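# Coordinate analysis (summary)
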Amino acid sequence: MLTLSERAGNIARRIRKDDHLIELLTQKKEGDEANPRFVQDFKTLADVLIQETVRHFIGTQFPELAPHIKGEESAKFSNALGETVTVEVKSTKEETAEMLCKVLDGDQAAAEMLAEEVHRVVEIDRVNIGYVPIPPDLELPIEDLGIWIDPIDSTAEYIAGDPAGAPIPDPQAMAASGLHCVTILIGAYDRNTGTPVMGIVNQPFYSRNFDDQYVGRCCWGVCWGEVRIFSNPICDCDSQSKLIAISGSENPEIKTSLEEAGYTVCQAAGAGYKLYCVILGIAQAYILTRDSTFKWDTCGPQAILRAHGGDILIFSTLGEHNRSVRYTKNDVDEGVPDLMAQYCNRGGIVAYRSANTLCDIINALCEEVEDE
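Since the model is a prediction, treat every value here as computed from it, not as a measurement.

## What about the sheet that holds strand β14 (residues 311-314)?
Ordered in space as β12-β11-β13-β15-β14, the 5 strands form an open sheet in which the pairing is mixed. Both edges of this open sheet fall to β12 (264-267) and β14, since each of them pairs with a single strand only. Going across the sheet, the axis of each strand differs from the next one's by a mean of 25°, ignoring polarity. As paired elements, strand β13 (residues 285-288) and strand β15 (residues 349-352) share 4 bridges and run antiparallel to each other. Its bridge partner being in β15, A285 is matched across the sheet by Y352. In this fold helix α7 (residues 252-260) packs onto β11 (243-246), β12 and β13, with an angle of close to 140° to the strand it touches most, β12. With respect to the sheet, helix α9 (residues 295-308) is in contact with β14 and β15, its orientation differing from that of β14 by roughly 120°.

Below you can see the structure in the form of structure tokens.
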């Protein structure tokens, strides 16, 4: 899955290099697919193609997992002629290119380029995953797992891109916006318990190389039984200033209470990126009181945080039951087709790496939690 996440990153970078493709492939989400937090929410072919690439190759390698792989995006995409095409990865590069050509209104060159990236094999030594080796004998209960994919988290930042000549963000600081905030999230969970057990966060636009081309990095973690394995963070959470990530729409009373408790509150784009900053130790926690994250946002990051000794809790249970986010479907009418309702993280979230930080947050917010 690590190499699949990098293959996904390659697709995202390749599309992002071509402004014509970005304009051509952007399609506004409609109806039940739209996130109510945003005035405009977008679906791009990059989202759908990355999701279906991960789905296809995981399902090919582990057929028993295939029925249990879910993603944020619908696989249907409408071209300029109004034709609806189901985006799916075929068994050969040529067949995939033929399918993509229909989405791209006959643009054969673009279709072949994207198909090339979809089917390009990525070796593990080409993935920037830090210094912790992956145990060759690590086994997970494949028959009991489900997979959540968020193909491009922070799609608006992906579409907007970075201004020409924009500086590379400090890797030990939180970026407010831009391509640096884009992440690809893959998580595995135990279908019996809803507990996340494995996670990958790929940051495809981490930095730029000597040729001014974007390069990525990737972190991962496994939390299964007694196994706790994770890639190295870039800094020590406990030694950092008391930084907490929030969204721009956060409750002002929450922000005030955190600041009065001595925390520095920092806003940034993308739930996946803010969770990634907690994993890396850039922030000590991420607090969101609204129902605006979903299972695809949190599954992978939560598994990594649990491997670190942290977790993602439901904000509304803070200080009372401290319930962890789980990955079973919400209790809604089965006839409701709205994925947002079925898989929303209701009650908000609190993501943290340190038990001491969690205690401090509970003490700082106890009155606000009681009022929620």
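## Some words on the nonpolar core
Within the largest apolar cluster, 57 residues are counted, with the highest numbers of intra-cluster contacts made by L45, V87, L100, L114, I147 and Y158. Tallying contributions element by element places helix α3 (residues 45-61) first for this core, with 8 residues.

## Looking at the packing of aromatic side chains
Per the counting criterion, the structure on display carries 6 aromatic pairs. With centroids separated by 6.0 Å and ring planes inclined at 40°, the aromatic side chains of Y189 and Y327 adopt a geometry described as tilted. Within this pair, whereas Y189 is found in strand β7 (residues 183-190), its partner Y327 is found in the loop between β14 and α10 (339-343), the two being separated by 138 residues in sequence. The same class applies to Y189 as to Y327, namely buried. Considering the side-chain rings of F205 and Y214, the 5.2 Å spacing of their centres and the 85° angle between planes classify their relative orientation as edge-to-face. Under the relative-accessibility criterion, Y214 is labelled partly exposed at 23%. What links up through ring pairs into an aromatic cluster is the set W148, F294, W296 and Y343.

## Here we look at the UniProt feature "binding site: Mg(2+)" (unreviewed entry) in the protein chain
UniProt annotation of "binding site: Mg(2+)" (unreviewed entry) refers to E72, D150, I152, D153 and D297 when read in the numbering used here. A compact arrangement is adopted by the annotated residues: their sequence extent is 226 residues, whereas the largest C-alpha distance between any two is 10.0 Å. If you trace the backbone, E72 turns up in the loop between β3 (69-71) and β4 (76-78). E72 sits in the buried class, given a relative accessible area of 16%. When near neighbours in sequence (up to four residues on either side) are disregarded, D153 contacts C181, V182, T183, L185, G270, A271, G272, Y273 and D297.

## Side note on the pattern of salt bridges
Taken as a whole and judged by the stated rule, the model has 7 salt bridges. A salt bridge links E6 to R13; its shortest N-O distance comes to 3.0 Å. The exposure class assigned to R13 is buried, which follows from its relative accessible area of 10%. Of the charged contacts, one joins E52 and R55 as a salt bridge, the two residues approaching to 3.0 Å between their closest N and O atoms. With E52 and R55 both in helix α3 and 3 residues apart, the pair spans about one turn of that helix. Residue E52 is classed as buried on the basis of its relative accessible area, which comes to 6%.

## Quick word on the pairing of β13
On β13, burial covers both faces: A285 and I287 on one face and Y286 and L288 on the other are all buried. Of the strand pairs in this sheet, β11 and β13 are connected by 2 bridges, and their pairing is parallel. Of the residues in β13, the one forming a bridge with A245 is Y286.

## Looking at the packing of helix α4 (residues 93-103) against helix α5 (residues 108-119)
One can describe the packing of α4 onto α5 by two numbers: an axis separation of 8 Å at closest approach and a directional angle of 135°. It follows from the interaxial angle that α4 and α5 lie oblique. The two elements α4 and α5 cross, and the hand of that crossing is right-handed. Judged by residue contacts, K93, T96, A97, L100 and C101 of α4 engage Q108, A111, E112, L114, A115, E116 and H119 from α5. Looking at the contact of α4 with α5 residue by residue, the class counts come to 6 nonpolar, 3 polar and 3 charged.

## Describing a negative patch on the surface
There is a patch of like negative charges on the surface, built from E94, E95, E98 and E112. When residues in the negative patch are grouped by element, the largest group, 3 residues, is from α4. If you trace the backbone, E94 turns up in helix α4. The exposed category is assigned to E94, whose relative accessible area is 54%.

Rules used in this analysis
- Residues numbered from 1 in each chain as written.
- Predicted model: local features only at pLDDT ≥ 70, side-chain atom pairs only at ≥ 80, totals over all residues.
- Heavy atoms only, no water.
- Pairing = 2+ DSSP bridges.
- Helix = DSSP H or I, 4+ residues; strand = E, 2+ residues; numbered from the N terminus.
- Axes fitted to C-alpha atoms, helices over the stretch in contact; angles between N-to-C directions.
- Contact = heavy atoms within 4.5 Å.
- Core = buried A, V, L, I, M, F, W, Y, C linked by side-chain atoms within 4.5 Å.
- Buried < 20%, exposed > 50% of the residue type's maximum accessible area, 1.4 Å probe, protein only.
- Phe/Tyr/Trp six-rings, centres within 6.5 Å; stacked < 30°, edge-to-face > 60°.
- UniProt positions renumbered as here; feature names shortened; annotations may be inferred.
- Salt bridge = Lys/Arg side-chain N within 4 Å of Asp/Glu carboxyl O.
- Parallel < 35°, antiparallel > 145°, perpendicular 65-115°, else oblique.
- Left-handed = near helix turned anticlockwise from the far one by under 90°.
- Nonpolar A, V, L, I, M, F, W, Y, C, P; charged D, E, K, R; others polar.
- Patch = residues over 30% accessible without salt bridge, like charges linked within 9 Å, V, L, I, M, F, W, Y side chains within 5 Å.
- Areas by Shrake-Rupley, 256 points an atom, 1.4 Å probe, with all protein chains shown as cover.
- Lys, Arg positive; Asp, Glu negative; His and termini not counted.
- Charge placed at Lys NZ, Arg CZ, Asp CG, Glu CD.

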